[in-house]
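Spelled out, the chains give:
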Amino acid sequence: MGVTRSPAEKRPHAHDGDDDNVGNDGDARPGDDSATRDAETPRAAGALAAAPGDAELAATSLRMRPTHPIERVAEKTARDVAVLSRWVAAIERKGQAVLYGPPGSGKSFLARELARHLVGGGDGFTRLLVLHAGSTYEDFVQGFRPAMRVDGTVHWPLHRGRLVHFAEEAVRRRGRCILVLEEMHRANVANVLGELVHLLEHRGEPIPLAAGETPFLLPENVRIIGTLSTEGPPAA
């Protein structure tokens, strides 16, 4: 027999990975701040030092995103401005957060609204990626894939995954760039994220990926918001 939850119980909670700064009700609390691609330099954030100047940036097709005030997010999601502001502060401080709760509690909608707020007023962008049981490290980070040569023979070049493509695009921007990872509970998270688990905890520390020796790190303007259902098959 199913269990009926009150509206308050069905709302998602936010978790930024720092248990000391998360209350029992899931509201993040303010805490202390801790928050050119070649063989020798980090592949993604290392290029931030060579970010385009004002003249070059103006000459590109990058456009500024419209602002999306936190009050508008509160209105559309029926949540308190103060709570949303604390969650945004936690995302800014840690660089990432996970919205968790039962199905139907509005996690996905809230994640997208928060992303719109965070990129508002800048030249950043939001990218959505839905994880599932078939998601792999090769899809998300990088891996070898078969390809046909013109002579009909097969070879296995190294292909960049969604995360690497996202990071390379974020390097070209000055504003925040948001990666929304939906349905994290459906995937084997440890296998899919790979080195990202370390990179999230140690921002600014480049590490080589599993394939290849080129160091990689997340650009400083990257924020990640995940959604996780507390019911159904658990995440690995």
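Structure first, text after, so check above.
Okay, so let's go over this structure. These figures come from a predicted structure and were not determined experimentally.

### Let's talk about the overall build of the chain
Check the secondary structure of the chain and you find eight helices and 11 strands. For the chain, the residues scored as buried account for 43% of the 236 residues in total. Summing over all exposed atoms, the chain offers an accessible surface of approximately 12,500 Å²; the carbon and sulfur share of this is 53%.

### Things to note about the pattern of salt bridges
Overall, the coordinates contain 10 salt bridges when judged by the stated rule. We note a salt bridge from Arg-172 to Glu-169, for which the minimum N-O separation is 2.9 Å. The class of Arg-172 is partly exposed, set by a relative accessible area of 38%. Salt bridges linked by common partners bring Lys-76, Glu-113 and Arg-116 together as one network.

### Focus on the packing of aromatic side chains
What the rule picks out here adds up to one aromatic pair. On the numbers, 5.3 Å between centres and 65° between planes, the contact of Phe-125 with Phe-166 is edge-to-face. With Phe-125 in the loop between α4 (107–119) and β3 (126–130) and Phe-166 in helix α6 (residues 162–171), this residue pair connects regions lying 41 residues apart in the sequence. Classification of Phe-166 by relative accessible area gives buried; the value is 0%.

### A short note on the pairing of strand β8 (residues 177–182)
Among the six residues of β8, six are classified as buried, and the element is accordingly described as predominantly covered. Side-chain alternation along β8 places Cys-177, Leu-179 and Leu-181 on one buried face and Ile-178, Val-180 and Glu-182 on a second face that is also buried. Sheet topology places β3 next to β8; five bridges connect them, and they run parallel. In the strand pairing of β8, Leu-129 is matched with Leu-181. Sheet topology places β8 next to strand β11 (residues 222–229); five bridges connect them, and they run parallel. Bridging from a neighbouring strand, Ile-178 pairs with Arg-223 of β11.

### Thoughts on the environment of Arg-145
By secondary structure assignment, the location of Arg-145 is in the loop between β4 (142–144) and β5 (147–148). Here Arg-145 falls in the partly exposed class, since its relative accessible area comes to 34%. For the pair Arg-145 and His-159, spaced 14 residues apart in sequence, the C-alpha separation works out to 6.6 Å. Ignoring sequence-local partners within four residues, the contact set of Arg-145 consists of Glu-138, Asp-139, His-155, Trp-156, Pro-157 and His-159. A polar contact is formed between the side chain of Arg-145 and the side chain of Asp-139, at a distance of 2.3 Å.

### A look at the environment of Leu-118
Summarising the element assignment, Leu-118 is placed in helix α4. For Leu-118, a relative accessible area of 2% puts it in the buried group. For the pair Leu-118 and Arg-223, spaced 105 residues apart in sequence, the C-alpha separation works out to 8.8 Å. Once residues lying within four places of it in the same chain are set aside, the contact partners of Leu-118 are Val-88, Ile-91, Glu-92, Arg-176, Ile-178 and Ile-225.

### Comments concerning α6
Counting buried positions over the 10 residues of α6 gives eight, a clear majority of the element. Looking at α6, one finds that the buried residues are Leu-163, Val-164, Phe-166, Ala-167, Glu-168, Glu-169, Ala-170 and Val-171.

Parameters and conventions
- Residues numbered from 1 in each chain as written.
- Predicted model: local features only at pLDDT ≥ 70, side-chain atom pairs only at ≥ 80, totals over all residues.
- Heavy atoms only, no water.
- Helix = DSSP H or I, 4+ residues; strand = E, 2+ residues; numbered from the N terminus.
- Buried < 20%, exposed > 50% of the residue type's maximum accessible area, 1.4 Å probe, protein only.
- Areas by Shrake-Rupley, 256 points an atom, 1.4 Å probe, with all protein chains shown as cover.
- Salt bridge = Lys/Arg side-chain N within 4 Å of Asp/Glu carboxyl O.
- Phe/Tyr/Trp six-rings, centres within 6.5 Å; stacked < 30°, edge-to-face > 60°.
- Pairing = 2+ DSSP bridges.
- Contact = heavy atoms within 4.5 Å.
- Polar contact = N/O pair within 3.5 Å; in protein donor to acceptor, adjacent residues only side chain to side chain.

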